[in-house]
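# Notes for the structure review
So the chains spell out like this:
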Amino acid sequence: MTHRPRRSALFLPASNARAIEKARTLAADVVILDLEDAVAPDRKGEARDAAVAAVRAGGFGHRELVVRANAMGAQGADDDLRALKGSGVDAVLLPKVDSAATLRHARAVLGDGPALWAMIETPRAILDLAAIVGAARDTGLAALVAGTNDLAKEIRCRPGVDRAPLIPVLVQIVVAARAAGLVAFDGVSNVLDDEEAVAAECRQGLTLGFDGKTLIHPSQIAPANRVFAPDADAVRWAAAVVASFNHPDAAAKGAIRVEGQMVERLHLEEARRTLAIHRAISDQSRQ
């Protein structure tokens, strides 16, 4: 299995040519060209054309390129999918995925090709998470994205700095993603001018189990990349676990002692993932 860093996923309006050009130089792991919330209704068609042109032009390097389409049932939603069919985009992000039916419809329109990512941003989606991720194999669903602003609005909760009312919902999203082997992205932070506040929210997302965070401004990339990258201690420990299990004496053992701790083979899998992501990040930094 290939593990790629997905620490930071930056939304930007597909109608903004300057922003798209800048995105080719930013340190984000994922660039999401947005056709939905970030685009005015009278510029949807223009944004769609610009997104397809940007995908075909390439130049994004190691960055995973995703386009967020308009929500199913909204004007132009199927036009978005038809335009992206065969474009070469890495994934199509579907907003307001309430059921597996949305995934199946998108796959039918897109045909073979890009992976699907699903935004989980409504109460109904939370209640139907099992069915949504249960359709992952048939529809090519690869990631869940927490739509925290919409969830807070729909639930009518008041998250505050600690996001306490949303934590039960965020945990459900992570659990559903893990059950199906999917990537899980935390929702956006609305803080623009306080890097430490963004970093604190990233640390909370990391603690909850998310792989990375969606972002709305380039200034948020650095704290997200820093927090979601394996730190030196994690890399050292992972290397120790792998080395210990590679020793001939451990070949037939399901659990061994590493630096005074009991470690099982399930920890070996996570250690290998940590080292793979660390290597990928190191390779990116040299490009």
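Preceding this paragraph is the structure being described.
What comes next is a walk through the structure. Since the model is a prediction, treat every value here as computed from it, not as a measurement.

### A closer look at the side chain of Ser-15
Along the polypeptide, Ser-15 turns up in the loop between strand E1 (8-13) and helix H1 (17-23). The contact partners of Ser-15, leaving out residues within four places of it in the chain, are Val-39, Arg-43, Glu-46 and Ala-47.

### Side note on the nonpolar core
Generally speaking, a soluble globular protein has its nonpolar side chains buried in company with each other. Formed by 67 residues in total, the largest nonpolar core has its most connected members in Leu-33, Leu-144 and Ile-173. Sorting elements by how many residues they give to this core places helix H9 (residues 167-179) first, with six residues. Ranked by size, the runner-up nonpolar core spans 14 residues in total, among them Val-66, Ala-143, Val-183 and Phe-185.

### Details of the packing of helix H3 (residues 77-84) against helix H4 (residues 100-110)
Closest axis-to-axis distance for the H3/H4 pair is 8 Å, and the angle between their directions is 45°. The orientation of H3 relative to H4 falls into the category oblique. For the crossing formed where H3 meets H4, the hand is right-handed. In this structure, H3 uses Asp-78, Leu-81, Arg-82 and Leu-84 to contact H4, whose residues at the interface are His-105, Ala-106, Val-109 and Leu-110. Taken together, the residues of the contact of H3 with H4 break down into five nonpolar, one polar and two charged.

### Here's the deal with H4
The complete set of buried residues in H4 reads Ala-100, Thr-102, Leu-103, Ala-106, Arg-107, Val-109 and Leu-110. Where H4 is buried, its residues meet H3, strand E4 (91-94), strand E5 (115-120), helix H6 (129-134), helix H7 (136-139) and strand E6 (141-146). Where H4 ends, the next residue or the one after it, Gly-111, has phi of about 70°, a positive value.

### Brief notes about the packing of helix H12 (residues 232-246) against helix H13 (residues 265-286)
Where H12 contacts H13, the two axes come as close as 8 Å, and the packing angle between them is 125°. With respect to their mutual orientation, H12 and H13 come out oblique. The two elements H12 and H13 cross, and the hand of that crossing is left-handed. Side by side, H12 and H13 meet where Ala-234, Val-235, Ala-238, Ala-239, Val-241, Val-242, Phe-245 and Asn-246 of the first sit next to Arg-265, His-267, Leu-268, Ala-271, Arg-272, Thr-274, Leu-275 and His-278 of the second.

### Some details on the sheet that holds E4
Strand order in this closed barrel of eight strands is E1-E2-E3-E4-E5-E6-E7-E8, and the pairing throughout is parallel. Direction aside, neighbouring strands of the sheet carry axes that sit 25° apart on average. Looking at chain direction, strand E7 (residues 183-186) and strand E8 (residues 212-215) are connected through two bridges and run parallel. The partner of Asp-186 across the bridge, within E8, is Lys-213.

### Considering H12
Look at H12: 21 Å from first C-alpha to last across 15 residues, which is about the 21 Å you get at 1.5 Å a residue. Of the positions making up H12, those classed as buried are Val-235, Ala-238, Ala-240, Val-241, Val-242 and Phe-245. For H12, the secondary structure elements touched by its buried residues are strand E9 (255-258), strand E10 (261-264) and H13. Between a side-chain oxygen at the N-terminus of H12 and the backbone nitrogen of Asp-233 the separation is 3.3 Å; the capping residue is Asp-231.

### Quick notes on the environment of His-3
Its location among the elements puts His-3 in the segment before E1. The partly exposed category is assigned to His-3, whose relative accessible area is 27%. Those residues in contact with His-3 that lie beyond four places of it in its chain are Arg-273, Ala-276, Ile-277 and Ala-280.

### A short note on the pattern of salt bridges
Where side chains of opposite charge bring their charged atoms close, a pairing between them can arise. If you walk through the whole model with that rule in mind, you get 23 salt bridges. A salt bridge links Glu-154 to Lys-153, with the nearest nitrogen and oxygen atoms 3.3 Å apart. Residue classification places Glu-154 among the partly exposed residues on the basis of a relative accessible area of 38%. Judged by relative accessible area, which is 59%, Lys-153 ranks as exposed. Between Glu-195 and Arg-226 there is a salt bridge; the shortest N-O distance is 3.5 Å. Placement of Glu-195 in helix H10 (residues 195-208) and of Arg-226 in helix H11 (residues 221-228) is noted, with a sequence separation of 31 residues between them. By relative accessible area, which is 41% here, Glu-195 ends up partly exposed. Judged by relative accessible area, Arg-226 falls into the partly exposed class, the value being 47%. One network of salt bridges, with partners in common, ties together Asp-34, Glu-36, Asp-37, Arg-68, Lys-96 and Asp-150.

### Some remarks on the pairing of E6
Side-chain direction in a regular strand flips from residue to residue, so the side chains alternate between the two faces of the sheet. For E6, the tally of buried residues reaches five of six residues, placing the bulk of the element in the interior. Where E5 and E6 come together, five bridges link them in parallel fashion. Opposite Leu-116, over in E6, you have Leu-141 as the bridge partner. Of the pairings in the sheet, the one linking E6 to E7 comprises three bridges and is parallel in character.

Cut-offs applied
Residues numbered from 1 in each chain as written. Predicted model: local features only at pLDDT ≥ 70, side-chain atom pairs only at ≥ 80, totals over all residues. Heavy atoms only, no water. Helix = DSSP H or I, 4+ residues; strand = E, 2+ residues; numbered from the N terminus. Contact = heavy atoms within 4.5 Å. Core = buried A, V, L, I, M, F, W, Y, C linked by side-chain atoms within 4.5 Å. Buried < 20%, exposed > 50% of the residue type's maximum accessible area, 1.4 Å probe, protein only. Axes fitted to C-alpha atoms, helices over the stretch in contact; angles between N-to-C directions. Parallel < 35°, antiparallel > 145°, perpendicular 65-115°, else oblique. Left-handed = near helix turned anticlockwise from the far one by under 90°. Nonpolar A, V, L, I, M, F, W, Y, C, P; charged D, E, K, R; others polar. Pairing = 2+ DSSP bridges. Expected span 1.5 Å × (residues − 1). Polar contact = N/O pair within 3.5 Å; in protein donor to acceptor, adjacent residues only side chain to side chain. Salt bridge = Lys/Arg side-chain N within 4 Å of Asp/Glu carboxyl O.

Geometric values such as these leave the question of function open.
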